[in-house]
Amino acid sequence: MLRGNYAATVDDKGRLKIPSNFRRRIEAKYGSEIFITSLTGDSVWIYPLKEWENIEQRLAVLPAMDAAKRAFLYRANYYGQQTEFDAQGRILIPAILRRTAEILGEVSVIGQLHFLEVWDALKFQTHLQNNPFTAEHEAALSRFI
């Protein structure tokens, strides 16, 4: 499981050094291949490739013309790129995703159980303030937690 929040930096070349705790967990369970994507362009999703392939397998059972499947794949593949960690544990964030997510400099790398989500650090603080955890969220999750 990928959990927690770690500060990191995206350099001028668009490379992100994955925090070592996350990198160790990913490499131990999945290896070094990953898929980088987004659906909205607001943040960067970093999936171990095997986790992304699980999503693709579930999507593959839907009809090719399913509107939700097509919308999902259009966005995921538009922003997406398969890559792997370099020797220093860095990945290159695709240029289009760096622009739309406004990712450069200080970022928050947040564990989302099976993938990582990367936000511009200040933009994420605003996102948290604008999207509070509500009683409705608590009620919905109380069935599972």
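For clarity, every value in this text was computed on a predicted model and none was experimentally measured.

J.: I keep staring at the nonpolar core and nothing clicks. Help me out?
T.: For soluble globular proteins, nonpolar side chains are generally found buried alongside one another. By size, the foremost hydrophobic cluster in this structure holds 23 residues, and its most contacted members are Leu16, Val44, Ile46 and Ile91. When residues of this core are traced back to their parent elements, those giving at least two are β1 (5-10), α1 (20-30), β3 (33-37), β4 (44-48), α4 (95-101), β7 (105-111) and β8 (116-120). With near-sequence residues (within four places) excluded, Ile46 lies in contact with Leu16, Ile18, Ile34, Phe35, Ile91, Phe115, Leu116 and Val118. One finds Trp52, Leu59, Ala76 and Phe115 within the second-largest nonpolar core, a separate group that totals nine residues.

J.: How do you make sense of the packing of aromatic side chains when you look at a structure like this?
T.: Each aromatic ring pair is summarised here by two numbers: the centre-to-centre distance and the angle between the ring planes. This structure, assessed with the given rule, holds nine aromatic pairs. For the pair Phe35 and Trp52, a centre-to-centre distance of 4.8 Å together with 25° between the ring planes defines the contact as stacked. Taken as a pair, Phe35 in strand β3 and Trp52 in helix α2 (residues 49-60) lie far apart in primary sequence, 17 residues in all. Grouping residues by exposure puts Phe35 and Trp52 together as buried. Ring plane angle 75° and centroid distance 5.1 Å describe the contact between Tyr78 and Tyr79, whose orientation is recorded as edge-to-face.

J.: Explain a negative patch on the surface here, please?
T.: A cluster of like negative charges, contributed by Glu33, Glu53, Glu56 and Glu84, occupies part of the molecular surface. Mapped onto the secondary structure, Glu53 falls in helix α2.

J.: Any chance you could explain the environment of Ile36 here in plain terms?
T.: With respect to the helices and strands, Ile36 occurs in strand β3. Since its relative accessible area comes to 0%, Ile36 is described here as buried. Non-local contacts of Ile36, meaning those with residues more than four positions away in its chain, are made with Val44, Trp45, Tyr79, Gly80, Gln81, Thr83, Ile91, Leu92, Pro94 and Leu97.

J.: Help me out: how do you make sense of the pattern of salt bridges in this one?
T.: When the charged atoms of two side chains lie near each other, side chains of opposite charge can form a pair. Under the defined criterion, the tally for this structure stands at four salt bridges. Note that Glu27 is salt-bridged to Arg23, the shortest N-O span being 3.4 Å. With Glu27 and Arg23 both in helix α1, this residue pair falls four residues apart, about one helical turn. Linking Lys123 and Glu102 is a salt bridge whose minimum nitrogen-to-oxygen distance equals 4.0 Å. Of this pair, Lys123 sits in helix α5 (residues 121-130) while Glu102 sits in the loop between α4 and β7; the two residues are 21 residues apart in sequence, bridging distant segments of the chain. Here Lys123 falls in the partly exposed class, since its relative accessible area comes to 22%.

J.: How should I be thinking about the packing of α2 against helix α3 (residues 67-79) in this particular structure?
T.: Helix-helix packing is described using two parameters, namely the angle between the two axes and the distance between the axes. Here α2 crosses α3 at 150°, and the two axes come no closer than 11 Å. As judged from the angle between their axes, α2 and α3 are roughly antiparallel. The element α2 and its partner α3 pack so that their crossing is left-handed. Residues Trp52, Ile55, Leu59 and Ala60 of α2 form the contact with α3, whose participating residues are Lys69, Phe72, Leu73 and Ala76. Of the residues that constitute the contact of α2 with α3, the class distribution is seven nonpolar, no polar and one charged.

J.: Looking at this structure, I do not really get the environment of Thr37. What am I missing?
T.: Looking at the element boundaries, Thr37 is found in strand β3. Take Thr37: its relative accessible area is 0%, and that puts it in the buried class. In sequence terms Thr37 and Tyr78 are 41 residues apart; their C-alpha atoms lie 8.1 Å from each other. If we ignore the near neighbours within four places in the chain, the residues touching Thr37 are Ser43, Val44, Trp45, Trp52, Arg75, Ala76, Tyr79, Gly80 and Leu97. At 2.6 Å, the side chain of Thr37 forms a polar contact with the backbone oxygen of Ala76.

Thresholds applied
- Residues numbered from 1 in each chain as written.
- Predicted model: local features only at pLDDT ≥ 70, side-chain atom pairs only at ≥ 80, totals over all residues.
- Heavy atoms only, no water.
- Core = buried A, V, L, I, M, F, W, Y, C linked by side-chain atoms within 4.5 Å.
- Buried < 20%, exposed > 50% of the residue type's maximum accessible area, 1.4 Å probe, protein only.
- Helix = DSSP H or I, 4+ residues; strand = E, 2+ residues; numbered from the N terminus.
- Contact = heavy atoms within 4.5 Å.
- Phe/Tyr/Trp six-rings, centres within 6.5 Å; stacked < 30°, edge-to-face > 60°.
- Patch = residues over 30% accessible without salt bridge, like charges linked within 9 Å, V, L, I, M, F, W, Y side chains within 5 Å.
- Areas by Shrake-Rupley, 256 points an atom, 1.4 Å probe, with all protein chains shown as cover.
- Salt bridge = Lys/Arg side-chain N within 4 Å of Asp/Glu carboxyl O.
- Lys, Arg positive; Asp, Glu negative; His and termini not counted.
- Charge placed at Lys NZ, Arg CZ, Asp CG, Glu CD.
- Axes fitted to C-alpha atoms, helices over the stretch in contact; angles between N-to-C directions.
- Parallel < 35°, antiparallel > 145°, perpendicular 65-115°, else oblique.
- Left-handed = near helix turned anticlockwise from the far one by under 90°.
- Nonpolar A, V, L, I, M, F, W, Y, C, P; charged D, E, K, R; others polar.
- Polar contact = N/O pair within 3.5 Å; in protein donor to acceptor, adjacent residues only side chain to side chain.

Note that every value here comes from positions in space, so none of it alone points to a role or purpose.
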